[in-house]
Amino acid sequence: MPDLHFPDLSTERLRLRALRPGDATELLALYADAEVMRHWIHPPWSLLAQAQAAIDEAQRDLTSGRALHLAIEARLDGRLVGSCALYDFAPEHRRATLGYLLAAPYWGKGMARETLQALLGYGIGTLGLERIEAEVTPHNVASQSLLARLGFLRERRLHARWHVGGATRDVDLWAFTLACHE
């Protein structure tokens, strides 16, 4: 398992930090928004207990080295504007999976790019990852475009990968590999 004693990461406008119990209300607002969740792997949340459980799980995962779930906080006002994660670590293969989402008011402002650049830098530079994967629904053009701009390549479609709200969902597997960028 990687050593996930995570220091906060800062960008020009954002701070990536461990989730805290006090984030539950803002996290619920993020994950309860149907527009934000339309490409996600589970339906929108409706209960504060769901946010609290996710924060508890994130803290356990951080302690055990299983995953790194982070709050994306605006440095200007301290608001939680999104969340991101590195998870499904395969240390022997120097690989992990990336996930992220931003609240709708922050779309189109370059904040997802700032977040992912910081997270990729940490994953590669500090954790020694050589491959970082992301799963994106075929209709999520904004995320696919962002990943392509960051050097990810679309590798293949995974059919019926997730069951969400009674329907199956396909995803495209994208990967950033260090070997392709050296």
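Everything numeric in this text was worked out from a predicted model, so none of it was measured.

**Quick look at the sheet that holds strand β3 (residues 68-74)**
Alright, step 1. Read from one edge of the open sheet, eight strands run β1-β2-β3-β4-β5-β6-β8-β7, paired in mixed fashion. Unpaired on one side and paired on the other, β1 (9-10) and β7 (153-164) mark the two borders of the sheet.
Alright, step 2. In this sheet, strand β6 (residues 131-136) lies alongside strand β5 (residues 95-102) in parallel orientation, the contact comprising three bridges. Counterpart to A96 in the pairing with β6 is I132.
Alright, step 3. Lying over the sheet, helix α4 (residues 111-126) contacts β1, β2 (14-18), β3, β4 (80-90), β5, β6 and β8 (167-177), oriented at roughly 50° with respect to β2.

**So, empty space enclosed by the protein**
Alright, step 1. For the structure shown, the criterion picks out one cavity of 30 Å³ or more.
Alright, step 2. Computed from the structure, the largest cavity encloses a volume of approximately 40 Å³.
Alright, step 3. If you go around the largest cavity, the residues you meet are A18, L19, A58, Q59, L62, H69 and L70.
Alright, step 4. In terms of residue count, helix α3 (residues 48-64) provides more of the lining of the largest cavity than any other element does, three residues in total.
Alright, step 5. In terms of residue class, the lining of the largest cavity is made up of five nonpolar, two polar and no charged.

Conventions and cut-offs
- Residues numbered from 1 in each chain as written.
- Predicted model: local features only at pLDDT ≥ 70, side-chain atom pairs only at ≥ 80, totals over all residues.
- Heavy atoms only, no water.
- Pairing = 2+ DSSP bridges.
- Helix = DSSP H or I, 4+ residues; strand = E, 2+ residues; numbered from the N terminus.
- Contact = heavy atoms within 4.5 Å.
- Axes fitted to C-alpha atoms, helices over the stretch in contact; angles between N-to-C directions.
- 1 Å grid on protein atoms, 1.4 Å probe; cavity = no way out; pocket = protein on both sides within 12 Å on 5 of 7 lines; lining within 4 Å.
- Points joined across faces, edges and corners; volume = space filled by probe spheres on them.
- Nonpolar A, V, L, I, M, F, W, Y, C, P; charged D, E, K, R; others polar.

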